[in-house]
Amino acid sequence: MSPDLPPVTPSVTAELVEALSPRLRKRLDAGVAKLAARPAVQDGDIVRIAVDDDTDLEMHAPGGVVTSTDAIRCGCLLAPDCLHRAAAACAAPIADRAPAADAVTESVPNDKDAPGQAEAAADTATTEQRTAARALYAAAAIVLDAGTDGAGALLQAEMLRAAHTARLAGLPRACAAAVSVVTAVRAARSADPAYRLADLVGAHRDVLGIAHRLPHATGADLARLRGTARQPYRPDGSLRLYGLFSEPVLTATGYAGAVTWTADSEGRLQTVSDVAPGGPGRATGAADRAVRIGDTALTHRELSRAGLAVSGATISPTGRLGAGAGVRAVRASGVTWHDEPLARLWAVPVAQQIARALDGGHDLLFLDVTLTGTARGTTGDCLLADCDGLTLRLTTAHDSPALPYRDNLRLLAAARGSRLRIIARLAPGPLPRALLLATQHPCDPTSRTDLGLDRLQHADLPARTTPPLPAVTPTVDEAPLYLLRRRVHQAVSGGRRVLAFPGSGSGDSARLRRLGLTTAGDLLDDLHGAAADRCRDAFGRLLPADTDRFARTWLAAAVYTDEVERSLCAAAWTASGQPAPALR
């Protein structure tokens, strides 16, 4: 996937790949690799790629997105039936208008819509939705069977076609999940440093789970599985907002910007976002852009430390503030994290904050910690902190070198013994771990630092009174769930064949049962059995694998692993003597 190319909508990619002849389809992956290595030059809304010394390919992206097949033009003799157009679409990021559209558009229903919405929530999936869900499940099962190495441009295009069909059938959540799978597969195949296997596993679990449950769902469950194409903004009158912090946004799908978090006088969280197609430069520069609410000249960086008085406010269910024509906003004074109403966010017990995040609420944690040192982990060094008797591991929220997260975390490691008030994002796992987003200034309790936008200096740290401790590798008595988890991850990465080798899981199932995880042992046996199940015809030839059975078995193992890990996460955050938070 080339970040120099403009994003292309899924339907365009699927249509161009489908139009290729069988001979050209066999050469598509090689064509994608060749085209992604060619230089690209942007001239306004047009991106030109030098296919060779005599041929150029143009991608017309009005508004930053390629939305039609005619917008990709090639100058070779075989055009428009050439390989280059399809290869360019496959090499480009996948367009997803949702982040940008939600920031500037809104749909405000009125009371007359309530009866119709109630009826829609109580019905069953339509015939088109069931058909789209089955097609999406089949496409996702084939991609899972092939693994990242085998899921080339053809399988990706089939997945994008199924995603486009799901969107047309009114299934935006399923469409978004499918696009996430293709984006992660492309990142894996291109050795993108931002690729994370856990993200691809989660995307596969989401798309298969949604497609499996949707045909039989009803009522509120069906509404959640369908999702919403637009955030349904509702009027909320006048608001007095207080800035909390700002964080940069930099996604693998080619979107960048900033999101500023605020709280109202009742402690409810709202966000103001500016996200659009772009790269790291836009992520760092968006903080100095004016917020898109009313006529205020406040930038995101200023709003994170000031306040806002809004009239005619509209808010989405996720807390995003609308920017409609009727919204008015003026600058107001802010407060420190130690003053009301912001201080009440830190007054919520840690166990309740963890339960809220694991039950689907916002995943921000408001914590008071004491920095104690550093530790070495599988993903790099992390900052250790004491939080009400718990040893908390604080890690970077984004690995991009263009963002100052890692440099700031490294400097904070030198402030051992400092008592700080922080904002972090929960990272579910068997150990208390969170992504550090913002912190109280180490020397000034009335000031704070947005770690993704501001850069700490050595002068910002308190005078060292004790020598720094060396990084340690703490020993952890962890439940052996990893025996099942690693097989779930291996299936996504290497495909069904890596689990089909004789003896590949020998002993793991018995060990899980010995340690009390009987269900995990049974699921592991089923997963290996489904992977190795290949029948032969009357002539002894292998028949095609049952991708549907393997996908169902993998999905059961993935869902089980996810639920057990949620329970382990809740238990890990429970301090001695405190009851574990109840999960719904």
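Going by the structure above, here's the rest.
Residue numbers run consecutively from 1 along every chain, following the written order of its sequence. The predicted nature of this model means local features are confined to residues of pLDDT at least 70 and side-chain atom pairs, given and counted, to a pLDDT of 80 or more, with totals for whole chains, interfaces and linings taken over all residues. No hydrogens and no water enter the side-chain calculation; it runs on all heavy atoms of the structure.

Chemist: Would you mind going over a negative patch on the surface with me for this structure?
Modeler: Together, Asp52, Asp53, Asp54 and Asp56 give the surface a local cluster of negative charge. Positionally, Asp53 belongs in the loop between strand E2 (46-50) and strand E3 (56-60). Using a 1.4 Å probe on the protein chains alone, a residue whose accessible area is under 20% of its type maximum counts as buried, one over 50% counts as exposed, and one in between counts as partly exposed. Judged by relative accessible area, which is 78%, Asp53 ranks as exposed. Each patch is built from residues lacking any salt bridge and having more than 30% relative accessible area; the joining distance is 9 Å for like charges and 5 Å for nonpolar side chains (Val, Leu, Ile, Met, Phe, Trp, Tyr). Residue exposure ignores everything except the shown protein chains as possible cover, and the areas themselves are Shrake-Rupley values with a 1.4 Å probe. Salt bridges are identified by distance alone: a Lys or Arg side-chain nitrogen within 4 Å of an Asp or Glu carboxyl oxygen. When charges are counted, Lys and Arg contribute as positive and Asp and Glu as negative, whereas His and the chain ends are disregarded. Where a charge sits is defined by one atom per residue type, namely NZ (Lys), CZ (Arg), CG (Asp) or CD (Glu). Here a helix means four or more residues in a row that DSSP labels H or I, a strand means two or more in a row labelled E, and each is numbered from the N terminus.

Chemist: Looking at this structure, how should I read the pairing of strand E5 (residues 234-250)?
Modeler: Every other side chain in a regular strand lies on the same face of the sheet, so the side chains alternate between the two faces. The sheet contact formed by E5 and strand E8 (residues 307-315) spans seven bridges and is antiparallel. When the sheet's bridge partners are listed, Leu239 is paired in E8 with Val310. When E5 meets strand E6 (residues 255-263), the two strands line up antiparallel, connected through eight bridges. Among the inter-strand pairings, Pro248 is bridged to a residue of E6, identified as Ala258. Two strands are counted as paired when DSSP detects at least two bridges linking them.

Chemist: Help me understand the nonpolar core, please; the structure alone is not making it clear to me.
Modeler: Generally speaking, a soluble globular protein has its nonpolar side chains buried in company with each other. We call a set of buried residues a nonpolar core when its members are Ala, Val, Leu, Ile, Met, Phe, Trp, Tyr or Cys and they connect through side-chain atoms within 4.5 Å of each other. Grouped together as the largest cluster of nonpolar side chains are 61 residues, with contacts concentrated most on Met159, Val181, Val207, Leu208, Leu214, Phe550 and Trp554. Two residues form a contact once any of their heavy atoms are found within 4.5 Å. In this structure Phe550 touches Leu144, Ala491, Arg496, Leu499, Leu527, Ala530 and Ala531, once residues within four positions along its chain are discounted. The next biggest cluster of nonpolar side chains, apart from the first, holds 57 residues, and it includes Leu342, Trp346, Leu383 and Trp573.

Chemist: Before we go on, may I ask you to explain the sheet that holds E8 in this structure?
Modeler: Sheet strands pair by backbone hydrogen bonding; their relative direction is either parallel or antiparallel. The strand order across the open sheet built from five strands is E7-E6-E5-E8-E9, with neighbouring strands paired in antiparallel fashion. With partners counted over all chains shown, the strands left at the sheet margins are strand E7 (269-277) and strand E9 (328-332), one partner each. The sheet shows a mean angle of 35 degrees between the axes of neighbouring strands, direction not considered. Relative to E9, E8 runs antiparallel, the two being bridged by five bridges. Looking at the pairing, Ser311 lines up with Arg328 of E9. Fitted lines through C-alpha atoms give the axes, limited to the stretch in contact for helices. The angle between two N-to-C directions lies from 0 to 180 degrees.

Chemist: Even after reading the chapter, I still don't get helix H16 (residues 405-412), so can you show me in this structure?
Modeler: Each turn of an α-helix holds 3.6 residues, which means side chains three or four residues apart point in the same direction. Residues of H16 that are buried include every one of Tyr405, Asn408, Leu409, Leu411 and Leu412, and no others. One face of H16 carries all of its buried residues, which in axial projection span an arc of 160 degrees. In this context, the arc is that of the directions from the helix axis out to the C-beta atoms.

Chemist: So what exactly am I meant to see when it comes to the pattern of salt bridges here?
Modeler: Should their charged atoms come close, side chains of opposite charge can pair. Applying the stated criterion across every chain yields a total of 31 salt bridges. Note that Arg421 is salt-bridged to Asp368, the shortest N-O span being 2.8 Å. Taken together, the residues Arg421 in strand E13 (residues 419-426) and Asp368 in strand E10 (residues 364-377) connect sequence positions 53 residues apart. Accessibility expressed as a relative area gives 12% for Arg421, which makes it buried. The structure contains a network of salt bridges with shared partners spanning Asp288, Arg301, Arg305, Asp450 and Asp454.

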